[in-house]
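As a plain string of letters, each chain reads:
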Amino acid sequence: MLTLAIALVLSGAVAGLLAGLFGIGGGAILVPVLVQALAMLDVDESIRMHLAVATSLGIVVPTSIRSFMAHRKHGAVDMPLLRSWAVVLPVGAILASAVAAIISGASLKWIFTAIATVVGIKMLINKPGWIVAKDLPGQPMRSLYGLLIGFFSTLMGIGGGIMNNTFMMLYNQPIKRAVATSSGVGVLISIPAVIGLIVAGWHKSDLPEFSLGYVNMLAVALIMPISLLTAPVGARMAHAASKRTLEVSFGVFLLAVSAQFAWSLLA
């Protein structure tokens, strides 16, 4: 249990750092760690991924808020984009919560694996010149992007920063603006997603102790404080240093997790 607690606290520190540095909620780090932690606690395999996804989003809520506040002080957040997504991001998150209630843990793991693989490859070979247009799209395409980001981010247990960063950079937005805005995206996704996943798991009888629906409050309590402390550190780094080495490291991590998940599903 001590080893487990240390692993959770360390993952929280890394998640908070990434939240500030890349504008992401840290879910891509937290979900695989939580899956392993739940396995150590002998939680039924059929609900491990549901618990990991929901608990990760529970931790993303305060981390994203703290990261958003830190980035907003720098004046780098694209508030018009966030306002245009104020409805579609939560709608995507709620729809995904409903889907998560009826699909298997293996399906959730495949979704995480597929998207993490694509993002991991992008992180490794990222080129600043890759753009599809000179500016953000208008409606209705902008709302469609927001809906999809909210939907798939919730199913992965992440705050949407990874996808929003990719979206904004493909549309010729500066990386620092994308990172700052992604922290706000995390707020709009994680809050409705957590509520939806609490409701989705409310009547489950085989959940571990201290669970509120699919959200395990013990893991949230262990991880949240340290992630809140490290998020502003990451935000300062995002405005002061090159992130290429960390991008590569993060890409390698995502591909390693994807390979491990795929192996466990195919074995």
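First, a word on scope: everything that follows refers to the structure included in this document. (Residues numbered from 1 in each chain as written. Predicted model: local features only at pLDDT ≥ 70, side-chain atom pairs only at ≥ 80, totals over all residues. Heavy atoms only, no water.)

**Thoughts on the overall build of the chain**
Within the chain one finds 11 helices and two strands. When the elements of the chain are put in sequence order from the N terminus, they spell out α-α-α-α-α-α-α-α-α-β-β-α-α. Against the 2.2 N^0.38 benchmark of 18 Å for 267 residues, the chain shows a C-alpha radius of gyration of 17 Å, consistent with a compact globule. Each of the three principal axes of the chain carries a C-alpha extent, and together these read 50 × 35 × 35 Å. Sorting the 267 residues of the chain into buried and exposed places 54% on the buried side. A separation of at least 24 residues holds for 80% of the contacts in the chain among residues at least 6 apart in sequence. (Helix = DSSP H or I, 4+ residues; strand = E, 2+ residues; numbered from the N terminus. Rg over C-alpha atoms; globule rule 2.2 N^0.38 Å. Buried < 20%, exposed > 50% of the residue type's maximum accessible area, 1.4 Å probe, protein only. Contact = heavy atoms within 4.5 Å.)

**Here we look at a nonpolar patch on the surface**
A grouping of Ile121, Leu124, Ile125, Trp130, Val132, Leu170, Val248 and Val252 is seen on the molecular surface, where their side chains present a nonpolar patch of about 650 Å² in accessible area. Taken together, the elements giving at least two residues each to the nonpolar patch come down to α6 (105-125) and α11 (244-266). The biggest single contributor to the nonpolar patch is α6, with three residues. Structurally, Val132 can be placed in the loop between α6 and α7 (141-156). For Val132, a relative accessible area of 56% gives the class exposed. (Patch = residues over 30% accessible without salt bridge, like charges linked within 9 Å, V, L, I, M, F, W, Y side chains within 5 Å. Areas by Shrake-Rupley, 256 points an atom, 1.4 Å probe, with all protein chains shown as cover. Salt bridge = Lys/Arg side-chain N within 4 Å of Asp/Glu carboxyl O.)

**Thoughts on the nonpolar core**
Core analysis: the largest hydrophobic core is formed by 69 residues, its most contacted members being Met49, Trp85, Phe112, Ile149, Phe167 and Phe250. Excluding its chain neighbours within four sequence positions, the residues that come into contact with Trp85 are Pro90, Arg142, Ser143, Tyr145, Gly146, Ile149, Asn164, Phe167, Val185 and Leu188. (Core = buried A, V, L, I, M, F, W, Y, C linked by side-chain atoms within 4.5 Å.)

**A word on empty space enclosed by the protein**
Summed over the entire model, instances satisfying the criterion amount to two cavities of 30 Å³ or more. Of the volumes computed, that of the largest cavity is approximately 80 Å³. Where the lining of the largest cavity is concerned, the elements lending two or more residues are α6 and α8 (161-170). Of the residues forming the lining of the largest cavity, the biggest block, four residues, is contributed by α8. Its residues assigned to classes, the lining of the largest cavity comprises six nonpolar, three polar and two charged. (1 Å grid on protein atoms, 1.4 Å probe; cavity = no way out; pocket = protein on both sides within 12 Å on 5 of 7 lines; lining within 4 Å. Points joined across faces, edges and corners; volume = space filled by probe spheres on them. Nonpolar A, V, L, I, M, F, W, Y, C, P; charged D, E, K, R; others polar.)

**Topic: unusual backbone geometry**
Note the cis peptide between Gln139 and Pro140, where omega equals 5 degrees. Along the chain, Pro140 turns up in the loop between α6 and α7. At Asn172, a residue that is not glycine, the phi angle is positive and equals roughly 65 degrees. Topologically, Asn172 is positioned in the loop between α8 and α9 (175-200). On the basis of relative accessibility, which here comes to 39%, the residue Asn172 falls in the partly exposed class. Positive phi is not limited to glycine here, since Phe210 has a value of about 65 degrees. Position of Phe210 relative to the elements: it lies in the loop between α9 and β1 (211-212). Judged by relative accessible area, Phe210 falls into the exposed class, the value being 55%.

**So, the packing of aromatic side chains**
Scanning the entire structure with this criterion turns up six aromatic pairs. Where Tyr145 meets Phe167, the ring centres are 4.7 Å apart and the plane angle is 45 degrees; that geometry is what we call tilted. Of this pair, Tyr145 sits in helix α7 while Phe167 sits in helix α8, placing them 22 residues apart in sequence. When the ring of Phe151 is compared with that of Phe152, the centres are 5.1 Å apart and the planes differ by 90 degrees; the resulting orientation is edge-to-face. With relative accessibility at 32%, the residue Phe152 sits in the partly exposed group. (Phe/Tyr/Trp six-rings, centres within 6.5 Å; stacked < 30°, edge-to-face > 60°.)

**A few points about α6**
Every α-helix winds through 3.6 residues per turn, so residues three or four apart in the chain are directed the same way. For α6, which comprises 21 residues, the first-to-last C-alpha distance of 30 Å matches the rise-based estimate of 30 Å (1.5 Å per residue) to within 8%. Looking at α6, one finds that the buried residues are Gly105, Leu108, Lys109, Phe112, Thr113, Ile115, Ala116, Val119, Gly120 and Met123. (Expected span 1.5 Å × (residues − 1).)

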